[in-house]
Amino acid sequence: MAGVLQEKKRNVTLADIAREVGVSQALVGKVLGSCSGNIRVSKKTAAIIEEAAKRLNYRPNLSARILSGQKSKLLGVLIDTQPPPVRFRTLAFIDKYAVANGYRILIGEAHDSIDSLYQHYQNFMQYNADGVICLAHDYPDQADRLRELFQNVNNIVFIEKPALDNAVWVDVDREQATFELTSHLLEQHKRVGLIAENPAYYTIQQRLTGYKRAFQEHNMKENPSLIHVIRNRENSLEERMLRIAEEFVLPAGLDAVIAPNDLSAAYLMRALLKHNVRIPETIAVAGFDNEPFAESLYPSLTTIDDNNEQIGKAAVQLLLERLGPTPVSGPKSIRVVPRVIHRESA
């Protein structure tokens with residue numbers, strides 16, 4: 001034991017642990033997953049080996065695992081370098097459920113580039129990652145390139161429906177969530193507006209569809225003048241929301257409005273208060289994403305929570321099904337419905 005502990009500068013090997021416990025190296029390899037075979041080991045002996053490995057700070061040799069035909073226990077995650085903050089919450093839960101299943105994650109980042117994301121995917125494969133979860137792919141002008149590069153990739157799960165056939169994805173049903181929020185507002189208000197980002201994006205299309213469906217369900221005629229699409233992004237977010245308040249919300253006579261996200265909603269509330277508008281008495285305001293600060297605003301902000309934990313859990317579940325001993329093939333999705341968080345602002 002003393003000899004092993006004194007050799008701190010070198011990596012602890014299976015042989016070191018075998019000497020420490022007094023068993024064969026093959027038995028240690030069987031317990032720690034670096035070799036296969038029909039060696040039988042009792043739960044008591046396995047526990048002793050695992051305790052010794054932990055105490056001696058044993059680190060598995062990834063190359064040895066791969067050469068022995070085992071999985072690397074690594075998962076790649078692709079994410080945009082400039083995502084909405086809510087994406088990082090999803091990433092945290094992907095990591096949580098990956099670790100719970102004995103995996104670690106590698107992260108590849110790119111911005112508005114399917115080619116760069118695919119390069120990261122190839123890097124993951126060079127590191128023998130078992131599979132990949134992709135949070136960045138909704139680039140409207142690059143759908144053909146996405147199909148060209150990822151159509152035949154079988155070990156990847158997408159967050160949101162991708163522009164691919166036979167894909168596996170987590171279906172985040174923002175249409176239903178927007179429908180529920182709009183319906184809630186229409187129960188108390190008549191002129192409910194929506195501020196939307198670029199409708200070329202799939203997630204924005206979902207919001208618009210859910211918003212319009214709520215009007216239909218309430219037997220109200222759809223009014224395009226109640227929808228404002230943000231075209232100019234040159235100014236700061238605060239300046240944009242002030243302009244939208246003065247050029248859209250107030251002139252349109254809205255009595256409720258849904259902002260693109262919680263930060264936009266906060267700036268919009270600030271702009272309306274400058275015009276002595278009472279919230280929610282005169283105009284109700286709601287957002288998206290359920291950011292941590294939303295509850296601390298005054299009035300506290302009604303919003304939509306993506307259910308990030310369920311998204312992360314579903315993504316890992318789908319990927320592990322693809323990587324299992326009897327892999328699931330063909331298209332598949334798990335539906336996650338974001339939930340409306342009712343607070344004081346609407």
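Let us look at the structure shown here. (Residues numbered from 1 in each chain as written. Predicted model: local features only at pLDDT ≥ 70, side-chain atom pairs only at ≥ 80, totals over all residues. Heavy atoms only, no water.)

In this structure the tally under the stated criterion is 18 salt bridges. Note that R55 and E20 form a salt bridge whose closest N and O atoms lie 2.9 Å from each other. Remark: E20 occurs in helix 2 (residues 14–21) and R55 occurs in helix 4 (residues 43–55); sequence separation between them is 35 residues. Ionic contacts of the salt-bridge type, sharing partners, join the residues R87, E160, R174 and D306 into one network. (Salt bridge = Lys/Arg side-chain N within 4 Å of Asp/Glu carboxyl O. Helix = DSSP H or I, 4+ residues; strand = E, 2+ residues; numbered from the N terminus.)

On to the packing of aromatic side chains. With the rule as written, the count across this model stands at five aromatic pairs. Arranged with centres 5.9 Å apart and planes meeting at 70°, the rings of Y121 and F150 form a pair that is edge-to-face. In this pair, Y121 sits in helix 7 (residues 114–126) while F150 sits in helix 8 (residues 143–150), placing the two residues 29 residues apart along the sequence. Clustering of aromatic rings is evident, with ring pairs tying together Y118, Y121, F150 and F158. The residue whose ring lies beneath R207 is F288, and the NZ or CZ to ring-centre distance is 3.6 Å. Seen from the ring of F179, R213 lies directly overhead, with NZ or CZ sitting 4.1 Å from the centre. (Phe/Tyr/Trp six-rings, centres within 6.5 Å; stacked < 30°, edge-to-face > 60°. Lys NZ or Arg CZ within 6 Å of the ring centre and 35° of its normal.)

What follows concerns the sheet that holds strand 3 (residues 131–134). Spatially, six strands are ordered 2-1-3-4-5-11 in an open sheet, and the strand pairing comes out parallel. Every other strand in the sheet has two partners, leaving strand 2 (104–110) and strand 11 (332–336) as the edge strands with one partner each. Taking the axes of each pair of neighbouring strands and ignoring which way they run, one obtains an average angle of 20° across the sheet. Two strands pair when backbone bridges link them, and strand 1 (residues 74–80) and strand 3 are joined in this way by four bridges, in the parallel orientation. Residue pairing in the sheet places G76 in a bridge with V132 of strand 3. (Pairing = 2+ DSSP bridges. Axes fitted to C-alpha atoms, helices over the stretch in contact; angles between N-to-C directions.)

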